[in-house]
Amino acid sequence: MSYFDIDLELTEEDVALQEAAHRFAKEVIRPVAKKLDAMSAEEYVAPGSPFWDFMKQAYQLGYHTVLLPEWVGGMGLSPKQQCIVLEELGWGSFGLAVQLAVASFAALGAVYTNNDTLIEEFTKPFCECKDGSIRSCWGITEPDHGTDVIPTPEVWFSSPDMKTNLRSRRDGDDYILNGQKSSWVSGGTVATHAWLHFGIDPSQGFAGSGCAIIPLDLRGISKGKPLEKLGQRDLNQGEIFFDDVRISSKYVVVDPDFYSPIVDMFLTMANLLMSNAATGLARAAFDEAFAYSKERVVGLKPMKDHFYTKIRMFELFRRVEVCRAITRRATELNFSVVPGFLEYSIVGKTTTTEMALQNAHDCIQLFGGNGITKEYLPEKLYRDARMTLIEDGNNEMLAADGGHKIYETYPRQRSDIF
Ligand SMILES: Cc1cc2nc3c(=O)[nH]c(=O)nc-3n(C[C@H](O)[C@H](O)[C@H](O)COP(=O)(O)OP(=O)(O)OC[C@H]3O[C@@H](n4cnc5c(N)ncnc54)[C@H](O)[C@@H]3O)c2cc1C
């Protein structure tokens, strides 16, 4: 292992999971991520790209089911074990960790609904899939609405003037969908399924939305070009278009009455996912800086032997420990309460992503000129980390949402937890 874990209660099983995930991150994720990072977005999705083989390897080891319980065929990890594995995947590469996790969102959504038919149709085949051929995405944001999609008591969320880009109309038992989701949908152009948000009742603005679990091979669905971007280039992203797409009402699992609490539930889970992967990224930056400081000679001795380097390295180390601590506590809490306490997931996501960016930044600085070259990992870590402050909600707007939650719910009672 590259990094000590101060949790004295880790079991042998926890440690074995941690070591296996670290090996996978080091031997499989890192080299593939490097190749994908250097490719164009079009080359990434082309037949023969290393992406496809990567997904196959990950699925064979079950890493696509990290978020899923054992009773549907998932890895069945405890909250702490999820943290351990996701942190390692994020250490390997933030983008590929997200790609693997988001691939399970339709399957996970079916579990949340507790609907046996949907679990049989979407979750079990996904868990059994060993070749990477079933992959989902989370289609929530739209070209005109990123932050706007986060449920809030602010008037705009339920204003009829707030018009969703993806809308539906009823036709008997079916819904007909028209419009599109944003170019930011992770895994969007390679997904076979989606957990999809769309407008149902325009008189309520975004609050009048619903969610469906759908296959993406339905007539009328098409994909945009994969997105070129600054960082997380090993995470495919792109638009999905809907042109008179007919979906059965059996796929519509959330209606406007339950929309806001369900979005909060997904955000609670997704922000923890970010938090875990960002902890891995913060740690990756620490590891790179630590190793380099032992090799690089400055002022006639290894950088590590200079007093100033010790202070710099301690800052990186301190941030990793803060990230881990808050992430694990928020994850364990939100596995124990229903509905989850979103504000704690937001504390985790905003803290870890900011600290991951700071660690990547400081790592580049410690590398000097070498830090900005493609020869070394820090410049990728930095580009990847920069994206995380926007991903799954701009941090400042998540903070505003967390603030709303505090005013709505405080003081919380111990009985809310137990
Ligand atoms: C790497 C990555 C992965 C992503 N993955 C997915 C995915 O899987 N699925 C998906 O659907 N989307 C995804 N997204 C989209 C992401 O959730 C949005 O980019 C994010 O929510 C911000 O939305 P926006 O880009 O439209 O910015 P905007 O909402 O337009 O925000 C622009 C600026 O305006 C500010 N702002 C917004 N609202 C207000 C307000 N009311 N008051 C004051 N200031 C405001 C923001 O703080 C921000 O600085 C991803 C994005 C990234 C970067």
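Note that the structure is a prediction, hence the values are computed from the model and not measured.

## Looking at the pattern of salt bridges
Here comes step 1: Counted by the stated rule, this structure contains 28 salt bridges.
Here comes step 2: Residues Arg 30 and Glu 288 are paired through a salt bridge, measuring 3.9 Å at the closest nitrogen-oxygen approach. In this pair, Arg 30 sits in helix α1 (residues 12-38) while Glu 288 sits in helix α8 (residues 256-295), placing the two residues 258 residues apart along the sequence.
Here comes step 3: Overall, Arg 30 belongs to the buried group, its relative accessible area being 16%.
Here comes step 4: Of the charged contacts in the structure, one is a salt bridge between Lys 124 and Glu 120, with a shortest N-O distance of 2.9 Å. Here Lys 124 pairs with Glu 120, and both are found in helix α7 (residues 116-128), just four residues apart, close to one helical turn.
Here comes step 5: Here Glu 120 falls in the partly exposed class, since its relative accessible area comes to 47%.
Here comes step 6: The network of salt bridges with common partners includes Asp 5, Asp 7, Lys 80, Glu 87, Glu 88, Arg 283, Arg 324 and Arg 328.

## Examining the site of the ligand
Here comes step 1: As a structural note, the neighbourhood of the ligand is formed by 19 residues, with Trp 138, Thr 141, Thr 147, Ser 186 and Glu 396 the closest of them.
Here comes step 2: Residue Thr 147 places a side-chain N or O atom 2.6 Å away from an oxygen atom belonging to the ligand.
Here comes step 3: In this structure, Ser 186 approaches the ligand through a side-chain N or O atom, which is 2.7 Å from a nitrogen atom.
Here comes step 4: Relative to its free-state accessible area of 970 Å², the ligand is covered by the protein chains to the extent of 70%.
Here comes step 5: In terms of residue class, the shell around the ligand is made up of eight nonpolar, eight polar and three charged.
Here comes step 6: Two domains share the shell around the ligand, each providing at least three of its residues, namely domain 2 (136-254) and domain 3 (259-416).

The rules behind the values
Residues numbered from 1 in each chain as written. Predicted model: local features only at pLDDT ≥ 70, side-chain atom pairs only at ≥ 80, totals over all residues. Heavy atoms only, no water. Salt bridge = Lys/Arg side-chain N within 4 Å of Asp/Glu carboxyl O. Helix = DSSP H or I, 4+ residues; strand = E, 2+ residues; numbered from the N terminus. Buried < 20%, exposed > 50% of the residue type's maximum accessible area, 1.4 Å probe, protein only. Near = heavy atom within 4 Å. Polar contact = N/O pair within 3.5 Å; in protein donor to acceptor, adjacent residues only side chain to side chain. Areas by Shrake-Rupley, 256 points an atom, 1.4 Å probe, with all protein chains shown as cover. Nonpolar A, V, L, I, M, F, W, Y, C, P; charged D, E, K, R; others polar. Domains from an automatic or database assignment.

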